[in-house]
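Okay, here's what each chain looks like letter by letter:
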Amino acid sequence: MAKSPISSSSGKLKKRVKTAQGRSISSVRWLQRQLNDPYVAQAKKDGYRSRAAYKLIELDDKFKWLKPGKTVLDLGAAPGGWTQVAVSRVRSEPENPKVIGIDLLSMDPLAGALLLKLDFMSSVAMAEIRDHIKNGVDIVLSDMAPNTTGHASTDHLRIMAILEAAYPFACEVLKPGGVFVAKVFQGGTENELLAMMKKDFTTVKHAKPKASRADSSEVYVVASGFKGKR
Ligand SMILES: C[S@@+](CC[C@H](N)C(=O)[O-])C[C@H]1O[C@@H](n2cnc3c(N)ncnc32)[C@H](O)[C@@H]1O
């Protein structure tokens, strides 16, 4: 089972983008960051589709909910790093996939996962997901994030809209004892939603894995011990 291999990331940039000419400043910055990011290099070595895989590895090494046989709904799954980790840890088999990944973007097939190209915010998507998980799931993961605008309050509102849709859906499909993990930004989860989570789950925590960039305001809310539908 892969572990997060990197204890801390060096802040110093070493490699430079050789093809910077003609690129926008933001694209050069992005490339430079990718070139110097130890998680990007490690993901390539370990065969993960994204550096994000290490965020889930770290979260699950700490909380340990991805056990063999558990069923998982992975919202905002592309390109599939979290899905790969989930498939491996719950030991999902191709003939009986225990992991469903959905995203706006199409994903390359992954043995052990059912991957659906859907806009989660549409009622069609929710109906289609329901069709696939008639008996409920043990874990709902949401790494969904809207494209950021750089305008902090707009970005915050957008991710909150996603979370406000994902949360009731998770409560609808989770089995008692289930787990909900979702990306949030800035000061964590809004008070009202947090209060609701504390009623619906036995434990609610915020966690920022080391693989989450220090300059990103992203954190994860981790709610476990779902008490069942109210
Ligand atoms: C940070 S990426 C997820 C990375 C993924 N966890 C991994 O390990 O590779 C966020 C994803 O959320 C998806 N997303 C954003 N809004 C969505 C929506 N309304 N429905 C489905 N996916 C959405 C984006 O397309 C993007 O692929």
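Residues numbered from 1 in each chain as written. Predicted model: local features only at pLDDT ≥ 70, side-chain atom pairs only at ≥ 80, totals over all residues. Heavy atoms only, no water.

### Notes on the packing of helix H3 (residues 53-63) against helix H4 (residues 81-90)
Alright, step 1. Where H3 contacts H4, the two axes come as close as 7 Å, and the packing angle between them is 40 degrees. In terms of their interaxial angle, H3 and H4 are classed as oblique. As H3 runs across H4, the sense of the crossing is right-handed. From H3, Ala53, Lys55, Leu56, Ile57, Asp60 and Asp61 reach across to H4, where they touch Gly81, Trp82, Val85, Ala86 and Arg89.
Alright, step 2. In terms of residue class, the contact of H3 with H4 is built from six nonpolar, one polar and four charged. (Axes fitted to C-alpha atoms, helices over the stretch in contact; angles between N-to-C directions. Helix = DSSP H or I, 4+ residues; strand = E, 2+ residues; numbered from the N terminus. Parallel < 35°, antiparallel > 145°, perpendicular 65-115°, else oblique. Left-handed = near helix turned anticlockwise from the far one by under 90°. Contact = heavy atoms within 4.5 Å. Nonpolar A, V, L, I, M, F, W, Y, C, P; charged D, E, K, R; others polar.)

### Observations concerning the domain arrangement of the protein
Alright, step 1. Its domain assignment divides the protein into domain 1 (17-47) and domain 2 (50-226).
Alright, step 2. Here the C-alpha centre of domain 2 lies 26 Å away from the C-alpha centre of domain 1.
Alright, step 3. For the pair domain 1 and domain 2, the summed buried surface comes to about 700 Å²; carbon and sulfur atoms form 44% of the total.
Alright, step 4. Contact with domain 2 buries area across many residues of domain 1, yet Arg33, Tyr39 and Ala43 alone supply 66% of it, more than any other trio.
Alright, step 5. Applying the counting criterion to the domain 1 and domain 2 interface returns two salt bridges.
Alright, step 6. Between Asp37 and Arg213 there is a salt bridge; the shortest N-O distance is 2.8 Å.
Alright, step 7. If you list the elements that add at least two residues to the side of domain 1 that touches domain 2, you get helix H1 (25-35) and helix H2 (38-46).
Alright, step 8. The element best represented in the side of domain 1 that touches domain 2 is H2, accounting for five residues. (Domains from an automatic or database assignment. Buried area = accessible area lost by both parts, 1.4 Å probe. Salt bridge = Lys/Arg side-chain N within 4 Å of Asp/Glu carboxyl O.)

### Observations regarding the packing of helix H5 (residues 123-132) against helix H6 (residues 152-173)
A pair of packed helices can be characterised by two numbers: the angle between their axes and the separation between those axes.
Alright, step 1. The N-to-C vectors of H5 and H6 enclose an angle of 25 degrees; their axes lie 12 Å apart at closest approach. One finds that H5 runs roughly parallel with respect to H6. H5 and H6 meet at a crossing whose hand is right-handed. Contacts between H5 and H6 pair Met126, Ile129 and Arg130 from the former with Ala165, Phe169 and Glu172 from the latter.
Alright, step 2. Partitioning the contact of H5 with H6 into residue classes produces four nonpolar, no polar and two charged.

### Remarks on the site of the ligand
Alright, step 1. Taken together, 20 residues lie near the ligand, and Ser50, Trp82, Asp103, Asp119 and Asp143 sit nearest.
Alright, step 2. Note that an oxygen atom of the ligand is positioned 2.8 Å from one of the side-chain N or O atoms of Ser50.
Alright, step 3. Ala78 places a polar main-chain atom, nitrogen or oxygen, 3.3 Å from an oxygen atom of the ligand.
Alright, step 4. In the complex, 87% of the free accessible area of the ligand, which totals 600 Å², lies under the protein chains. (Near = heavy atom within 4 Å. Polar contact = N/O pair within 3.5 Å; in protein donor to acceptor, adjacent residues only side chain to side chain. Areas by Shrake-Rupley, 256 points an atom, 1.4 Å probe, with all protein chains shown as cover.)

### What to know about the sheet that holds strand E4 (residues 137-142)
Alright, step 1. Read across the sheet, seven strands follow the order E3-E2-E1-E4-E5-E7-E6 without closing on themselves; strand pairing throughout is mixed. One side of each edge strand has no neighbouring strand; the edge strands of this open sheet are strand E3 (113-117) and strand E6 (201-207). Sheet twist, expressed as the average angle between the axes of neighbouring strands with direction ignored, equals 15 degrees.
Alright, step 2. Here E4 pairs with strand E5 (residues 174-184) via five bridges, running parallel. When the sheet's bridge partners are listed, Leu141 is paired in E5 with Val181.
Alright, step 3. Contacts between helix H7 (residues 191-200) and the sheet are confined to E5, E6 and strand E7 (219-226), with E6 contributing the most and set at about 135 degrees to the helix. (Pairing = 2+ DSSP bridges.)

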